[in-house]
Amino acid sequence: MSGSTSKSAELLAHARTVTPGGVNSPVRAFRAVGGTPRFIREAKGPWLTDVDGNRYVDLICSWGPMILGHAHPDVMAAVQDAASRGFSFGTPSENEVALATEIVRRVEPVEQVRLVSSGTEATMSAIRLARGATGRSKIVKFAGCYHGHVDALLAAAGSGVATFALPDTAGVPKSSAGETIVLPYNDVSALEAAFAEHGDEIAAVITEASPGNMGVVPPAPGFTKALRDITTKHGALLVSDEVMTGFRCSGAGWFGHEGQQGESAPDLFTFGKVMGGGFPAAAFGGRADLMGMLAPDGPVYQAGTLAGNPVATAAGLATLQGCTDEVYAHLDSTAHAIADAASAELTKAGVPHTVQWASSMFSIFFRDGAVTNYDDAKDQDTEAFSRFFNAMLDQGVHLPPSAYESWFVSASHDDEAVAHVIDALPAAARAAAASTDSSATL
Ligand SMILES: *Cc1c(COP(=O)(O)O)cnc(C)c1O
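Bear in mind the structure is a predicted one, so any value in this text is a computation, not a measurement.

Looking at the UniProt feature "modified residue: N6-(pyridoxal phosphate)lysine" (unreviewed entry) in the chain
Next, step 1: The feature "modified residue: N6-(pyridoxal phosphate)lysine" (unreviewed entry), as given by UniProt, occupies Lys273 in the numbering adopted here.
Next, step 2: The residue lysine 273 is located in the loop between β9 (268-271) and β10 (282-286) in this model.
Next, step 3: Discounting residues that sit within four places of it in the chain, lysine 273 has contacts with Trp63, Pro65, Val243, Met244, Gly278 and Ala281.

So, in structure tokens, the structure goes:
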């Protein structure tokens, strides 16, 4: 059981005076689940320790990057070695070449990459490149897919088949989001209809390779291929956002996991999360002819003071080198052990739920029936999730604080950590079932 959280509460109160909401990324504020976000002081392997000294098995793993576990000795050594030689040069350096080489080696259709510092920058830059390369301006995205906080991509709403998007957030002009067409995920006929109407204006379709930001909603059989066929037919590019799935769903990301053939490869990929090993490093890449359109070789401008940072790239390279076949097999078996046990307890407690998978990424939707798009995902009992989440947290298991997220495991989740999670499940399943329990719904 977790003990006092008074130091986290004090820190949050102070943080709110100097930072909006007290957090530097909104989901961390626990608004969806209620309660006090835990301020973490240190992390090792699969365990987080908060400022009050409570320990938690971590099923967020920094939203994916900590695939080897926290403070992995090989990554630590690489970081310390790099840092001992300076932090940032503003000139080319060796580690960035090594990391780019590793990415190109792993993901067959990617011939060149440009390194950036966040997934947001990667998708923003890929969109600019797609527009520059095609001379077109419209972008197709899918409702429920998250591509970072890029203005043109912060639009998920819209009824009907091919509505022009209204921005989801204040501060984004209609003119930015107005070039974005939002479609329901996994809906080939909606895609065909949008291209029938606007085919010669569409620069690119951007999709999460396998969506993880509305919960895990994998592409239906044939959907990835339909994306490729339709974009090719109309001269638009296909941008596969693998910021979350890249190097997590397999050594070659979702692309490697789904087993696409060469001719069905996307034109551009974006990467982040795992490839930074917990540091700010991300990338976009693809065919050399397209990437050659970037400055300094080509007309599409793109740059970054800290892009290819020597410490971040050392962490990313060491992390990728640690991602062996054994690691992926361990992620799979660990994720299944946890998900199967959770599902069994929820069933026992009579809680409707559906588990969905993308390789070792999974989420539990608190509803009956498969989730194929964002509307399905929203049709779940988020209050039941909140009670489940808080009961797990009280017992020392830190789930992602939202019903619309994947759960992540790492190579360091050992038998002890998994047993700790499994022991917490019965009480959490009972809490999820107890719809009159108001203790968790702040
Ligand atoms: C996390 C994420 C991003 C944004 O990456 P940041 O590093 O947070 O900017 C973009 N696309 C997908 C699919 C993501 O999961």
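Side note on the sheet that holds strand β8 (residues 237-242)
Next, step 1: On the basis of which strands lie adjacent, the open sheet formed by seven strands has the order β4-β10-β9-β8-β7-β5-β6 and mixed pairing. Looking along the sheet, the strands with just one partner apiece sit at the ends: β4 (112-116) and β6 (180-183). The average angle at which neighbouring strand axes cross in this sheet is 20 degrees, direction not considered.
Next, step 2: Both β9 and β10 contribute to a ladder of four bridges, which runs antiparallel.

Section: the pairing of strand β12 (residues 361-365)
Next, step 1: β12 sits mainly inside the fold: five of its five residues count as buried.
Next, step 2: Residues Met361, Ser363 and Phe365 point to one face of β12 and Phe362 and Ile364 to the other, with burial holding for every one of them.
Next, step 3: Examined bridge by bridge, strand β11 (residues 354-358) and β12 share five bridges and lie antiparallel to one another. Residue pairing across strands places alanine 358 opposite methionine 361, the latter belonging to β12.
Next, step 4: The hairpin formed by β11 and β12 contains two residues between the paired strands, and serine 359 there has a positive phi angle of roughly 55 degrees.

Overview of the pattern of salt bridges
A side chain of one charge can pair with a side chain of the opposite charge if their charged atoms are brought near each other.
Next, step 1: This model, assessed by the stated rule, comprises eleven salt bridges.
Next, step 2: The shortest N-O distance in the salt bridge between glutamate 179 and lysine 138 comes to 3.2 Å. Within this pair, whereas glutamate 179 is found in the loop between α5 (174-177) and β6, its partner lysine 138 is found in strand β5 (residues 138-142), the two being separated by 41 residues in sequence.
Next, step 3: Residue lysine 138 is classed as buried on the basis of its relative accessible area, which comes to 10%.

Looking at the site of the ligand
Next, step 1: By nearness alone, every residue bordering the ligand is listed as Ser118, Gly119, Thr120, Tyr146, His147, Gly148, Glu208, Asn213, Asp241, Val243, Met244 and Lys273.
Next, step 2: Glycine 119 is positioned with one of its backbone polar atoms (N or O) 2.8 Å from an oxygen atom of the ligand.
Next, step 3: Here an oxygen atom of the ligand and a side-chain polar atom of threonine 120 are 2.6 Å apart.
Next, step 4: Out of a free accessible area of 380 Å², the ligand has 82% covered by protein chains.
Next, step 5: Classifying every residue of the shell around the ligand by side-chain character gives three nonpolar, six polar and three charged.

Quick notes on the environment of glycine 132
Next, step 1: With respect to the helices and strands, the residue glycine 132 is situated in helix α4 (residues 119-134).
Next, step 2: C-alpha of glycine 132 to C-alpha of leucine 290: the two residues are 158 residues apart in sequence and 9.6 Å apart in space.
Next, step 3: Contacts of glycine 132, omitting those with residues within four sequence positions, involve Met293 and Val300.

Considering the packing of aromatic side chains
Next, step 1: Going through the model one piece at a time under the given rule, you end up with 13 aromatic pairs.
Next, step 2: Here phenylalanine 142 and tyrosine 185 contribute two aromatic rings whose centre-to-centre distance is 5.6 Å and whose plane-to-plane angle is 80 degrees, an arrangement assigned as edge-to-face. Of this pair, phenylalanine 142 sits in strand β5 while tyrosine 185 is found in the loop between β6 and α6 (188-198), placing the two residues 43 residues apart along the sequence.
Next, step 3: Residue classification places phenylalanine 142 among the buried positions, given a relative accessible area of 0%.
Next, step 4: Residue class for tyrosine 185 comes out buried when judged on its relative accessible area of 2%.
Next, step 5: When the centroid spacing of 5.6 Å and the interplanar angle of 70 degrees are considered together, the rings of phenylalanine 142 and phenylalanine 223 count as edge-to-face. Note that phenylalanine 142 is positioned in strand β5 and phenylalanine 223 in helix α7 (residues 223-233), a separation of 81 residues in sequence. There is no split in this pair, since phenylalanine 142 and phenylalanine 223 are both buried.
Next, step 6: Members of the aromatic cluster, each reached through a chain of ring pairs, are Phe30, Trp357, Phe362, Phe366, Phe385, Phe388, Phe389 and Trp407.
Next, step 7: Over the ring of tryptophan 47 we find arginine 55, and its NZ or CZ is 4.2 Å from the ring centre.

Examining the layout of surface pockets
Next, step 1: As a volume, the second largest pocket reaches approximately 260 Å³.
Next, step 2: Contributing to the lining of the second largest pocket are 14 residues, with Gly90, Thr91, Pro92, Glu96 and Ala307 lying nearest its centre.
Next, step 3: Among the residues forming the lining of the second largest pocket, the class breakdown is five nonpolar, eight polar and one charged.

Section: the sheet that holds strand β1 (residues 40-44)
Next, step 1: Spatially, the four strands line up as an open sheet ordered β1-β2-β3-β13, and their pairing is mixed. Unpaired on one side and paired on the other, β1 and β13 (397-398) mark the two borders of the sheet.
Next, step 2: Across three bridges, strand β2 (residues 47-50) lies against strand β3 (residues 55-58) in antiparallel orientation. In the strand pairing of β3, leucine 48 is matched with tyrosine 56.

Some remarks on the side chain of threonine 120
Next, step 1: Here threonine 120 shows up in helix α4.
Next, step 2: Apart from the residues within four sequence positions on either side, threonine 120 is in contact with His147, Gly148, His149 and Val150.

Topic: the packing of helix α2 (residues 73-83) against helix α10 (residues 310-322)
Next, step 1: Between α2 and α10, the least distance of the axes is 8 Å, while the angle of their chain directions is 155 degrees. One way to sum up the angle between α2 and α10 is to call them roughly antiparallel. As α2 packs across α10, the resulting crossing turns out to be right-handed. For the pair α2 and α10, contact is made by Asp74, Val75, Ala78, Val79, Ala82 and Ala83 and by Pro310, Val311, Ala314, Ala315, Ala318 and Thr319, respectively.
Next, step 2: Partitioned by chemical class, the residues of the contact of α2 with α10 number ten nonpolar, one polar and one charged.

So, how was this worked out
Residues numbered from 1 in each chain as written. Predicted model: local features only at pLDDT ≥ 70, side-chain atom pairs only at ≥ 80, totals over all residues. Heavy atoms only, no water. UniProt positions renumbered as here; feature names shortened; annotations may be inferred. Helix = DSSP H or I, 4+ residues; strand = E, 2+ residues; numbered from the N terminus. Contact = heavy atoms within 4.5 Å. Pairing = 2+ DSSP bridges. Axes fitted to C-alpha atoms, helices over the stretch in contact; angles between N-to-C directions. Buried < 20%, exposed > 50% of the residue type's maximum accessible area, 1.4 Å probe, protein only. Salt bridge = Lys/Arg side-chain N within 4 Å of Asp/Glu carboxyl O. Near = heavy atom within 4 Å. Polar contact = N/O pair within 3.5 Å; in protein donor to acceptor, adjacent residues only side chain to side chain. Areas by Shrake-Rupley, 256 points an atom, 1.4 Å probe, with all protein chains shown as cover. Nonpolar A, V, L, I, M, F, W, Y, C, P; charged D, E, K, R; others polar. Phe/Tyr/Trp six-rings, centres within 6.5 Å; stacked < 30°, edge-to-face > 60°. Lys NZ or Arg CZ within 6 Å of the ring centre and 35° of its normal. 1 Å grid on protein atoms, 1.4 Å probe; cavity = no way out; pocket = protein on both sides within 12 Å on 5 of 7 lines; lining within 4 Å. Points joined across faces, edges and corners; volume = space filled by probe spheres on them. Parallel < 35°, antiparallel > 145°, perpendicular 65-115°, else oblique. Left-handed = near helix turned anticlockwise from the far one by under 90°.

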